Amino acid sequence: MQATYNGSKMGTEWDTLRKQARHLENDIDMKLIAFNKVGVGAASSSVAPTGNTDTSPLLGDHVFESLSLEIEQMLDKLSNINEKMSEIPNSGAAVMHVLQRHREILHGYRQEYLKIQANHTTRMEREELLRGSGLGTSSPSTSGLSRRDMYLKENTHLHSSSSLVNDQISIAMETKEHLTSQRQHLKRFQTRMHDISNRFPIISSLIQRINIRKRRESLIIGGVIAVCTILLLVYAFH
């Protein structure tokens, strides 16, 4: 009887914790959706086109931080519930599968939460970079620029850079075509010379004879110089 009572109590506690986990998971899911929207809106309002740069960004940041703190608390609470569920003695593959599923959901929510925070930080840093580069200051050339104007100007810069890159690529392609054309001309010239050499074997033979005669004359001259040098040395030492 006691074992049956304990088993029933554990089953009731398991069901209660599981209901709490499901309810908390649904709440976290909705909070993450709102958290993502607020993060995008807070970054978008950092450069207000209407001139309300003193209140809108602060309000968006405040809401974002409040939601961030609330979601962190909810994630911690869900983690505690999962830990309590794992501490209940249970048996069976189905129970372990359910517990594993709740842990995977918690891990997915944490990853999504960190991703939204990272995206928000990246957007804010980009807005700061735009302001630091002069696009968000109140200088005469940029005062009154809206966020759309800033991105249009940045898009123009990117387009100009892309045009320069395309021009360099075109120059490189033209150079490649010119070198290819020169290579083909050289190949044709070499082919013609080879054809001429094959068509006129007499010329080739004459050239070979001339080269042989040049080598013969070089040997004769070298021999004469050597003999004269030897005679001079003999005469000098004699």
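Residues numbered from 1 in each chain as written. Predicted model: local features only at pLDDT ≥ 70, side-chain atom pairs only at ≥ 80, totals over all residues. Heavy atoms only, no water.

## Looking at the overall build of the chain
Here's step 1: Broken down by element type, the chain carries five helices and zero strands.
Here's step 2: For the chain, with 238 residues in total, the buried portion stands at 20%.
Here's step 3: Counting only contacts in the chain whose residues sit at least 6 apart along the sequence, the fraction spanning at least 24 positions is 80%.
Here's step 4: Total accessible area on the chain stands at roughly 18,000 Å², and carbon and sulfur atoms take up 59% of it. (Helix = DSSP H or I, 4+ residues; strand = E, 2+ residues; numbered from the N terminus. Buried < 20%, exposed > 50% of the residue type's maximum accessible area, 1.4 Å probe, protein only. Contact = heavy atoms within 4.5 Å. Areas by Shrake-Rupley, 256 points an atom, 1.4 Å probe, with all protein chains shown as cover.)

## Considerations on the nonpolar core
Here's step 1: Among the nonpolar cores identified, the biggest contains 23 residues, and Ile28, Leu32, Phe35, Leu75, Leu78, Met85 and Tyr109 are the most heavily contacted of them.
Here's step 2: Broken down by element, the residue count for this core peaks at eight residues, all from helix H2 (residues 56–87).
Here's step 3: Every residue in contact with phenylalanine 35, bar those within four places of it in the chain, is listed here: Phe64, Leu67, Ser68, Ile71, Tyr113, Ile116 and Gln117. (Core = buried A, V, L, I, M, F, W, Y, C linked by side-chain atoms within 4.5 Å.)

## Regarding the packing of aromatic side chains
Here's step 1: Across all of its chains, the model carries two aromatic pairs by this definition.
Here's step 2: Ring centres 4.5 Å apart and planes at 20° place the aromatic pair phenylalanine 35 and phenylalanine 64 in the stacked group. Here phenylalanine 64 lies in helix H2 and phenylalanine 35 lies in helix H1 (residues 2–44), a separation of 29 residues in the sequence. Of the two residues, phenylalanine 35 and phenylalanine 64, neither departs from the other in class, the shared state being buried.
Here's step 3: Ring centres 5.6 Å apart and planes at 25° place the aromatic pair phenylalanine 35 and tyrosine 113 in the stacked group. With phenylalanine 35 in helix H1 and tyrosine 113 in helix H3 (residues 93–132), the pair connects residues that are 78 residues apart, well separated along the chain. (Phe/Tyr/Trp six-rings, centres within 6.5 Å; stacked < 30°, edge-to-face > 60°.)

## Description of the UniProt feature "transmembrane region" (unreviewed entry) in the chain
Here's step 1: Here, the residues flagged by UniProt with the feature "transmembrane region" (unreviewed entry) are residues 219–237.
Here's step 2: Taken end to end, residues 219–237 has its terminal C-alpha atoms 27 Å apart, with 100% of it in helix and 0% in strand. (UniProt positions renumbered as here; feature names shortened; annotations may be inferred.)

## Some points on the pattern of salt bridges
Pairing is possible between side chains that carry opposite charge, provided their charged atoms lie close to one another.
Here's step 1: Enumeration according to the criterion identifies four salt bridges in this entry.
Here's step 2: With its nearest N and O atoms 3.5 Å apart, the salt bridge here joins arginine 213 to glutamate 217. Note that arginine 213 and glutamate 217 are positioned in helix H5 (residues 201–237) at a spacing of four residues, about one turn of the helix.
Here's step 3: You can call glutamate 217 partly exposed: its relative accessible area is 41%. (Salt bridge = Lys/Arg side-chain N within 4 Å of Asp/Glu carboxyl O.)

## Points about a nonpolar patch on the surface
Here's step 1: On the surface, a nonpolar cluster with roughly 270 Å² of combined accessible area is contributed by Val165, Ile169 and Met173.
Here's step 2: Looking at where methionine 173 falls in the secondary structure, it is placed in helix H4 (residues 147–199).
Here's step 3: Judged by relative accessible area, methionine 173 falls into the partly exposed class, the value being 43%. (Patch = residues over 30% accessible without salt bridge, like charges linked within 9 Å, V, L, I, M, F, W, Y side chains within 5 Å.)

## Looking at the side chain of asparagine 82
Here's step 1: Locating asparagine 82 in the fold gives a position in helix H2.
Here's step 2: Not counting residues within four places of it along the chain, the set of residues in contact with asparagine 82 comprises Ala21, Leu99, His102, Arg103 and Leu106.

## Examining the confidence of the model for the chain
A low pLDDT means the predicted coordinates there should not be read in detail.
Here's step 1: For the chain, the average pLDDT comes to 77, and 75% of its residues sit at 70 or higher.
Here's step 2: Confidence drops under pLDDT 50 across residues 46–56; counting only partners more than four residues distant or on other chains, this segment forms 13 contacts. (pLDDT = per-residue confidence, 0-100.)

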